[in-house]
Amino acid sequence: MPDLTVPPTPPTPPVPLGALLAREDLGLRQIAGPSDPDIAIHWAHTSEMPDPYPYLLGGELLLTAGVHIPDAAGSGTYFDDYVARIVEAGGVALGFGVAPVHDTVPRALVAACDRYDLPLLEVPPPTPFSRVARAVWQLMAQARLAELRRVTEAQQSLAAAASRPDPLPSVLRQLAQRVGGRAVLFGPDGTEIAGAGRGAGAVGAPGGVAGSRTGSTGTGTEAGHGAEASGAEVREALAELVRVVRPPAAPASPPASPSSPTSATASPTSPSSTPTSTDSTPPTRPAPTSATDTVSGIHLAAYALGTGQGFVLGVAAPQRAPGDHTIASVAAVLLSLLTGEHQSRTGADRSSALVRLLLGAPPEDVASLLGGDRWLVVHALPDTGTGPDPVATSALGAALGSALIDLAPEVVRVLVPGDRAPAAQPGWTLGVSAPVAPEDWSAADRQAARALARARATRTPLVVHGASGRAGLADLLPHDAAEEHARALLAPLAAHPALVETLRTWLSLHGSWDRTAVALAVHRNTVRQRIARCAALLETDLDDPDVRMELWFGLRQL
């Protein structure tokens, strides 16, 4: 038997039998079998075996000169058995070469092809089989080129539609025009959010009439009253596909469908899959990303959008042309971006929070728009020593789980929800604050800066402020009393912020001149001069461990 693991069709579009017969240079003539010019040929194969079944994959135009035909073949069942095996193997047409073995096509072979509905072509003597095979591949290449051109034009049109002021309806309108049908965006609850196009049973709208399909692929057939009468059936079948591809967490209320899909295949990774029912997929199995079905001659498809919120794109068309799936997939990607940013209101909420902050609202009043009541501030620098790269910075924000990123030339700052524990990121040095409420964002920003300085000085990928988790001296005193003592202790340095920061860094690095110079990006002699200046202003001995302890306690309160 043929290897059933081999895909039934090649990655190139098939060739209509009518296109091959229209090639005047070949001189082919159909003498038996159905005269449907749309019969698709996927490849050409030459064989003189009396039983070609083991060598066929399906979709072939089988070419033979009749070398295998015995002399007494016309008086028995030889031709019936031969044609039956070709049809059983999936062959779509038989080409018989006249001369040098046979002067004419055997009448018994013509009769057998008529009985088994296998198109039989007469190949004239001047036409070698190699020319027929070459013509098949030339027609395939032309069809592939036309498909790629159509897909490219559709991609450009869809991208332009996504940039319009009304991107959602514009993308749907462009998709409906390109596939010659109707495109519908379904919300998480299964209701239609937006739709465009006519025909295909008017999916998503009651009482529709299917129209004709025109476009770059030619003119299709009129669906007529059959599609109009089955509009409800088509809508219910598409609703079934929508339920199948929607993530399990999304709400759904599946009504019973009166019709059964025409085929049954569903796979999370398959580009198109057709379910039999929602019960065929176990609850623990991920939903397929797409599904297809054909009802009353209308081709249906559903694509789960990548936002994870339950949005689904539904497409219905009277024909399924090469490239339609690719075009619909491009539209699904664009709609995923649009629904993820606009329908979920994430981008709108961030913009609203920014505007309110600019207009003077305190952070605690706008934090609810961003979600969460506890936050971390992360300061990051790339290990390359160059300025932060926008692409790498976006990837860092995604890894930390936040889109709230400040890309500054000197440091990258990221505001991260407090329930997420940042991990070390390859290629970055990170300083992380303690979790704080929105009103303490400024303090957390300073904590993250100090943590980053310590991480750089100690060559540690990540340092978290207060990561020890143990109670310290500050926990033994009321915060107000500790802060008042710290301000009095460090009052001589209040007018010199650079000295305060140098003293803080120097103490945190156990008095190391070199590490402090690295953390502050200054020369080690500058560190020595500043520390000497601090000792003079404070009138104390910084080599005394008790003095260092008290100063460190005070610096931690500021």
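Here's a quick rundown of the structure.

Thresholds, definitions, all that
- Residues numbered from 1 in each chain as written.
- Predicted model: local features only at pLDDT ≥ 70, side-chain atom pairs only at ≥ 80, totals over all residues.
- Heavy atoms only, no water.
- Axes fitted to C-alpha atoms, helices over the stretch in contact; angles between N-to-C directions.
- Helix = DSSP H or I, 4+ residues; strand = E, 2+ residues; numbered from the N terminus.
- Parallel < 35°, antiparallel > 145°, perpendicular 65-115°, else oblique.
- Left-handed = near helix turned anticlockwise from the far one by under 90°.
- Contact = heavy atoms within 4.5 Å.
- Nonpolar A, V, L, I, M, F, W, Y, C, P; charged D, E, K, R; others polar.
- Core = buried A, V, L, I, M, F, W, Y, C linked by side-chain atoms within 4.5 Å.
- Buried < 20%, exposed > 50% of the residue type's maximum accessible area, 1.4 Å probe, protein only.
- Phe/Tyr/Trp six-rings, centres within 6.5 Å; stacked < 30°, edge-to-face > 60°.
- Lys NZ or Arg CZ within 6 Å of the ring centre and 35° of its normal.

### Considerations on the packing of helix 14 (residues 497–508) against helix 17 (residues 545–557)
- In contact at an axis separation of 10 Å, helix 14 and helix 17 are set at 120° when each is read in the N-to-C sense. Between helix 14 and helix 17, the interaxial angle falls into the category oblique. Where helix 14 crosses over helix 17, the handedness of that crossing is left-handed. Residue-level inspection shows V500, L503, R504, W506, L507 and S508 of helix 14 in contact with helix 17, the latter providing R548, L551, W552, L555 and R556.
- For the contact of helix 14 with helix 17, the class distribution of residues is seven nonpolar, one polar and three charged.

### Describing the nonpolar core
- Counting residues in each nonpolar core, the largest one holds 28 residues, and the members touching the most others are L158, L172, L175, L313 and L335.
- Within the residue set of this core, elements represented by two or more residues are helix 4 (129–162), helix 5 (167–179), strand 8 (182–186), strand 9 (192–197), strand 11 (298–304), strand 12 (312–317) and helix 8 (324–343).
- Of the residues forming this core, the biggest block, eight residues, is contributed by helix 8.
- Excluding anything up to four places from it in sequence, L335 contacts L168, V171, L172, L305 and L313.
- Residues Y53, A73, L94 and A112 belong to the second largest nonpolar core, which totals 22 residues.

### Some words on the side chain of E147
- Relative to the elements of secondary structure, E147 occurs in helix 4.
- We classify E147 as buried; its relative accessible area is 13%.
- Once residues within four sequence positions are removed from consideration, E147 is found in contact with P13, P322 and G323.

### Digging into the packing of aromatic side chains
- Tallied over the entire structure, the rule returns four aromatic pairs.
- Pairing W506 with W513 gives two aromatic rings, centres 5.4 Å apart and planes at 35°, and the pair type is tilted.
- Relative accessible area serves as the criterion here: at 2%, W506 is assigned to the buried category.
- An aromatic cluster is defined as three or more aromatic residues linked by ring pairs; in this entry it consists of Y78, F79 and Y82.
- The ring of Y53 is capped by R85, whose NZ or CZ atom sits 4.2 Å from the centre of that ring.

### Remarks on the environment of A162
- One can find A162 in helix 4.
- Residues A162 and L338, 176 residues apart in the sequence, show an inter-C-alpha distance of 8.0 Å.
- Among residues more than four places away in sequence, those in contact with A162 are P167, V171, L334 and L338.

### Considerations on unusual backbone geometry
- The step from A99 to P100 runs through a cis peptide bond, and the omega angle for that step is 10°.
- Among the structural elements, P100 can be located in the loop between strand 6 (93–97) and helix 3 (107–115).
- Positive phi, normally seen in glycine, also occurs at D117, with a value near 55°.
- Residue placement: D117 occurs in the loop between helix 3 and strand 7 (120–123).
- The phi dihedral of A521 is positive, around 60°, even though this residue is not glycine.
- Looking at the element boundaries, A521 is found in the loop between helix 15 (513–520) and helix 16 (524–538).

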